[in-house]
Amino acid sequence: MTASEFTRGIRENRVQVAHQLIQVMLVGFAIGMTRTVVPALAESEFGLERGSFLLLASFVVAFGAVKAVMNFVAGRWSERIGRQRVLFWGWVAALPIPVMIWYAPDWNWIVAATVLLGVNQGLCWSMTQTAKLDITKAEERGLTMGLNEFSGYVGVAIAGILTAYAAEALGARMGLLVFGMVVVLLALVLTVVWVKDTLPWAKAETAAHKAAPPKSLPRYPQGVSEHPSTSEVFALMSWRDRRLFAISQAGLVEKFVDALVWALFPVFLVTQGATLTEVGWIVGTYGFVWGGSQLFTGRLSDHVGRFWPNVLGMWICGAGVAMVVMGTGALWWSVSAGVAGFGMALLYPNLSAAVADITPPAWRGSAIGIYRFWRDLGYAIGALGLGLAASLTGAAEAAFWFVAISMFVSGGLLLWLGEETHSRLNPASPRELADA
């Protein structure tokens, strides 16, 4: 391909953007199939003892730890072998998952299947995100991330509802087997036949920046080599650059909410008398509001910036979590889930967009991978924390308060240490450009 063929933009690359959106929806289906049926039926189907909050959270801990590492690996790997090949191997890793859940003689098999799910999600979701950022414009990053996360989390919500109905019609194990195998095989075929590798677009963007720098350059980290080592990028994302640290810690803590919704929310609702399909719709409300609102919140940040949507999103999401245990009834729980989902929609695409704003294209894949490492490590840390809170008190409600307080504190850290990253609203100063 010639340089002119590496034109960037959603409209200019609409066919590949559409294929990537289908991919991330299928990634959402893969994780969503474990969201309702598996935790709700952990006792009756998989032999987990009632009240074993830490054991119940164990499959989310395993998922988070593995996905975090695979995000890290995927970022660096994609810069060596390309985005499409990483996506392909992520789907190969998912092939045994439905069969393992169908056969599972005990809860250990569910944990093992979730380890493979972590591999799948770390490789595949990272690549759908990175690939779309490769082929779209800087001023479209918020919209790009909004579209990506909209597609993925609507997929999560739809899968949670569909598998609840499938479990009632076919039985839990057979319903998950049929749904899971259709999703994974379809994704593999589409990856091979229609998905293009977008690494050449990232390389072309780097060359274009050298030839003709944009008028409003982002405030990239100072004193960084053109092609930094893995350890250098890890240090920048984790502590050396306070803005990237603020974003990474917020990403880690916001995953506490998702760990709660996955591991304990369905169990809490069942103990309060909700049916399996009611659980699917209540938990689905969180996913639908989160997913749908990102079409608006991602685009919003392209106009007003990333900073305030991220900070306010942390606090609104935390408030929604707290609301769950402050009332009763399906309507109240659905509204609470919706509030949490809207807060998540404000912060989720825009934390990633903020990372993309202030990391150069030459190592953006690595930066996003390391951000996603810290973010998804929040599944493991959050699941341990909420499991301990529920176990020590003997009440699931304590887990909700643990997560809500964590979100408020993390939002405060982001307010203190973070800054606006959008290059149009906060461009690099002449001194920073001279030092670059």
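Refer to the structure printed above.
What you see is a predicted model, and the numbers here were worked out from it, not measured in a lab.

Criteria and cut-off values
- Here the residue index of a chain counts from 1 through its sequence in written order.
- Per-residue local features of the predicted model are confined to residues with pLDDT of at least 70, and side-chain atom pairs are confined, for both listing and counting, to 80 or more; whole-chain, interface and lining totals are unaffected and use all residues.
- Calculation of side-chain values draws on the structure's entire complement of heavy atoms; hydrogens and water are dropped beforehand.
- The secondary structure listing takes helices from DSSP runs of H or I that are at least 4 residues long and strands from runs of E that are at least 2 residues long, numbered from the N terminus.
- We compute the radius of gyration from the C-alpha atoms alone; for a globule the expected value is 2.2 Å times N to the 0.38, where N is the number of residues.
- Any two residues whose heavy atoms approach within 4.5 Å at even a single point are treated as in contact.
- Values of accessible area rely on a 1.4 Å probe in the Shrake-Rupley scheme; residue burial ignores everything except the protein chains shown.
- Exposed residues in this analysis have more than 50% of their type's maximum accessible area, buried residues have under 20%, and partly exposed residues fall in between, with area computed by a 1.4 Å probe over protein chains only.
- Simply put, an axis is a line fit to the C-alpha atoms, just over the touching stretch for a helix, and the angle between two N-to-C directions goes from 0 to 180 degrees.
- Angles are sorted into four bins: roughly parallel if under 35 degrees, roughly antiparallel if over 145, roughly perpendicular if 65 to 115, and oblique for all others.
- Crossing handedness follows the turn of the near helix against the far one: under a right angle anticlockwise gives a left-handed crossing, and clockwise gives a right-handed one.
- Without a salt bridge and with relative accessible area above 30%, a residue can belong to a patch; like charges are then joined within 9 Å and nonpolar side chains (Val, Leu, Ile, Met, Phe, Trp, Tyr) within 5 Å.
- A side-chain nitrogen of Lys or Arg and a carboxyl oxygen of Asp or Glu constitute a salt bridge if their distance falls within 4 Å.
- Gly counts as polar in this scheme, as do all residues outside two lists: the nonpolar Ala, Val, Leu, Ile, Met, Phe, Trp, Tyr, Cys and Pro, and the charged Asp, Glu, Lys and Arg.
- Pairing of aromatic rings covers Phe, Tyr and Trp, the last counted by its six-membered ring, and requires centre-to-centre distances within 6.5 Å; plane angles under 30 degrees mean stacked, over 60 mean edge-to-face, and any other angle means tilted.
- The criterion is simple. A nonpolar core is a set of buried Ala, Val, Leu, Ile, Met, Phe, Trp, Tyr and Cys residues joined through side-chain atoms within 4.5 Å.
- Helix span, expected: 1.5 Å multiplied by one less than the number of residues in the helix.
- A residue's bend is the angle separating two fitted axes: one through the seven residues that end there, the other through the seven that start there.

Draft legend 1. Structural context of the overall build of the protein. Looking only at helices and strands, the protein features 19 helices and zero strands. Computed over C-alpha atoms, the radius of gyration of the protein comes to 21 Å, within 12% of the 22 Å expected from 2.2 N^0.38 for 436 residues, which places it in the range of a compact globule. Its C-alpha atoms give the protein principal-axis dimensions of about 65 × 45 × 35 Å. Contacts spanning at least 24 positions in sequence make up 85% of the contacts within the protein whose residues lie at least 6 apart. Accessible surface computed for the protein: about 16,000 Å², of which carbon and sulfur atoms make up 69%.

Draft legend 2. The environment of G305, seen in detail. In this structure, G305 sits in the loop between α14 (276-304) and α15 (307-324). Looking at G305, the relative accessible area reads 0%, which means it is buried. C-alpha of G305 to C-alpha of A367: the two residues are 62 residues apart in sequence and 20 Å apart in space. Excluding anything up to four places from it in sequence, G305 contacts L300, E420, H422 and L425.

Draft legend 3. Representation of the packing of helix α5 (residues 83-94) against helix α7 (residues 107-135). Where α5 contacts α7, the axes come no closer than 8 Å and their chain directions differ by 155 degrees. Taken together, the axis directions place α5 and α7 in an arrangement best described as roughly antiparallel. Along this stretch, α5 crosses α7, giving a crossing that reads as left-handed. For the pair formed by α5 and α7, the contact residues are R83, V86, L87, W89, G90, W91, A93 and A94 on the first element and L116, V119, N120, L123, C124, M127, T128, T130 and D134 on the second.

Draft legend 4. Structural detail: a nonpolar patch on the surface. A grouping of V99, W102, Y103, W109, L170, M174, V178 and V182 is seen on the molecular surface, where their side chains present a nonpolar patch of about 750 Å² in accessible area. Secondary-structure elements contributing two or more residues to the nonpolar patch are α6 (97-103) and α9 (172-194). The residue L170 is located in helix α8 (residues 141-170) in this model.

Draft legend 5. Region of interest: the pattern of salt bridges. Applying the stated criterion across every chain yields a total of 16 salt bridges. Across the pair D302 and R306 runs a salt bridge whose closest N-O atoms are separated by 2.9 Å. Accessibility expressed as a relative area gives 5% for D302, which makes it buried. Beyond isolated ion pairs, a larger network of salt bridges with shared partners links R8, R141, E205, R299, D302, R306, D357 and R364.

Draft legend 6. Region of the structure containing the packing of α8 against helix α16 (residues 330-357). Interaxial distance between α8 and α16 falls to 9 Å at its minimum, and their mutual angle equals 140 degrees. Between α8 and α16, the angle falls in the class oblique. Relative to α16, α8 is oriented so that their crossing is right-handed. Here R141, G142, M145, G146, E149 and Y153 of α8 come into contact with α16, specifically with Y348, P349, N350, S352, A353, A356 and D357. Looking at the contact of α8 with α16 residue by residue, the class counts come to six nonpolar, four polar and three charged.

Draft legend 7. Structural detail: the packing of aromatic side chains. A full pass over the atoms with the stated rule returns 25 aromatic pairs. Note on F268 and F400: the rings are 5.2 Å apart at their centroids and 55 degrees apart in plane angle, and the pair reads as tilted. Remark: F400 occurs in helix α18 (residues 397-417) and F268 occurs in helix α13 (residues 265-271); sequence separation between them is 132 residues. Each member of the pair, F268 as well as F400, is classed as buried. Within the aromatic cluster, the residues linked to one another by ring pairs are F59, F63, W107, W262 and Y379.

Draft legend 8. A look at the nonpolar core. Counting residues in each nonpolar core, the largest one holds 123 residues, and the members touching the most others are W91, V257, F265 and L269. A per-element tally of this core places helix α12 (residues 242-263) first, with 13 residues. F265 has contacts with L260, I282, V283, V324, W333, A337 and F400, leaving out every residue within four places of it along the chain. The next biggest cluster of nonpolar side chains, apart from the first, holds seven residues, and it includes I10, V17, L21 and L147.

Draft legend 9. How the structure looks around the side chain of Q20. Inspection of the secondary structure assignment puts Q20 in helix α1 (residues 14-32). Discounting residues that sit within four places of it in the chain, Q20 has contacts with M127, T128, A131, K132, V195 and K196.

Draft legend 10. Seen up close, α14. Between its first and last C-alpha, α14 extends 41 Å over 29 residues, near the 42 Å set by a 1.5 Å rise per residue. The sharpest bend along α14 measures roughly 45 degrees and falls at Q294. G305, located one to two residues past α14, shows a positive phi value of around 100 degrees.

All we've got here are geometric facts, nothing functional implied.
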